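# Survey of secondary and tertiary structure
Take a look at the letters that make up each chain.
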Amino acid sequence: MQSIGVGRMSPGVDRTQLSGDLYAKVIKQVDESAHRFAIRFTSVPPEIAIALQALRQTN
């Protein structure tokens, strides 16, 4: 298993307000040529869950 970092956030999300560690597992490769993967979050701190919900609503 390999750890990955989540570093990209949308404008308006203040990363300094986010604390804790976000864990996810790669479920499958979605597109081999684009190196895209489906992931499942396995541990999400409450502050990060709120930020992720906000990102989902804006995209």
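Throughout what follows, the structure given in this document is the object of discussion. (Residues numbered from 1 in each chain as written. Predicted model: local features only at pLDDT ≥ 70, side-chain atom pairs only at ≥ 80, totals over all residues. Heavy atoms only, no water.)

## Focus on the overall build of the protein
This is how the line gets drawn: A run of H or I in DSSP counts as a helix once it spans at least four residues, and a run of E counts as a strand once it spans at least two, with each numbered from the N terminus. Burial here depends on accessible area, computed with a 1.4 Å probe over protein chains only, as a share of the maximum for the residue type. Under 20% is buried, over 50% is exposed, and the range in between is partly exposed. Throughout, a residue-residue contact means that at least one pair of heavy atoms, one from each residue, lies within 4.5 Å. Every accessible area reported is derived by Shrake-Rupley at a probe size of 1.4 Å, with residue values counting cover from the shown protein chains alone.
Summing up its helical and strand segments, the protein has one helix and two strands in all. Secondary structure elements of the protein occur, N-terminal to C-terminal, as β-β-α. Residues counted as buried form 7% of the 59 residues belonging to the protein. For the protein, contacts bridging at least 24 residues in sequence account for 35% of all contacts bridging at least 6. When the accessible surface of the protein is summed, it comes to about 5200 Å², and 50% of that surface belongs to carbon and sulfur atoms.

## Details of helix 1 (residues 46-58)
Heads up, the condition is: Working rule for helices: expected span equals 1.5 Å times residues minus one. The arc in question is the one spanned by the directions pointing from the helix axis to the C-beta atoms.
In this model, helix 1 (13 residues) spans 19 Å end to end at C-alpha, consistent with the 18 Å of a helix rising 1.5 Å per residue. For helix 1, the complete set of buried residues consists of Ile-48, Ala-51 and Leu-55. Looking straight down helix 1, one finds its buried side chains confined to an arc of 60°; they lie on one side. The outward face of helix 1, more than 90 degrees from its buried face, is lined by the exposed residues Pro-46, Ile-50, Arg-56 and Gln-57.

## Observations concerning the environment of Glu-47
Of note, Glu-47 is situated in helix 1. Residue classification places Glu-47 among the partly exposed positions, given a relative accessible area of 37%. Sequence spacing of Glu-47 and Ser-19 is 28 residues, and the spatial spacing of their C-alpha atoms is 6.8 Å.

## Quick word on the pairing of strand 2 (residues 36-43)
Threshold: Any two strands are treated as partners once DSSP identifies two or more bridges connecting them.
Two elements, strand 1 (residues 23-31) and strand 2, share seven bridges in a ladder whose sense is antiparallel. Opposite Gln-29, over in strand 2, you have Phe-37 as the bridge partner. Remark: four residues form the turn of the hairpin made by strand 1 and strand 2, two consecutive strands paired antiparallel; His-35 in that turn has positive phi of roughly 55°.

## Re the environment of Leu-22
Looking at where Leu-22 falls in the secondary structure, it is placed in the segment before strand 1. Each C-alpha atom of the pair Leu-22 and Val-44 lies 5.2 Å from the other, and the pair is 22 residues apart in sequence.

## Some words on a nonpolar patch on the surface
Defined as follows: In this analysis, a patch consists of residues with relative accessible area above 30% that form no salt bridge, clustered at 9 Å for like charges and at 5 Å for the nonpolar side chains Val, Leu, Ile, Met, Phe, Trp and Tyr. Any carboxyl oxygen of Asp or Glu that lies within 4 Å of a side-chain nitrogen of Lys or Arg is treated as forming a salt bridge with it.
On the surface, a nonpolar cluster with roughly 410 Å² of combined accessible area is contributed by Val-26, Phe-37, Ile-39, Phe-41 and Val-44. Per element, the largest residue contribution to the nonpolar patch is three residues, and it comes from strand 2. For Phe-41, the position within the fold is in strand 2. On the basis of relative accessibility, which here comes to 37%, the residue Phe-41 falls in the partly exposed class.

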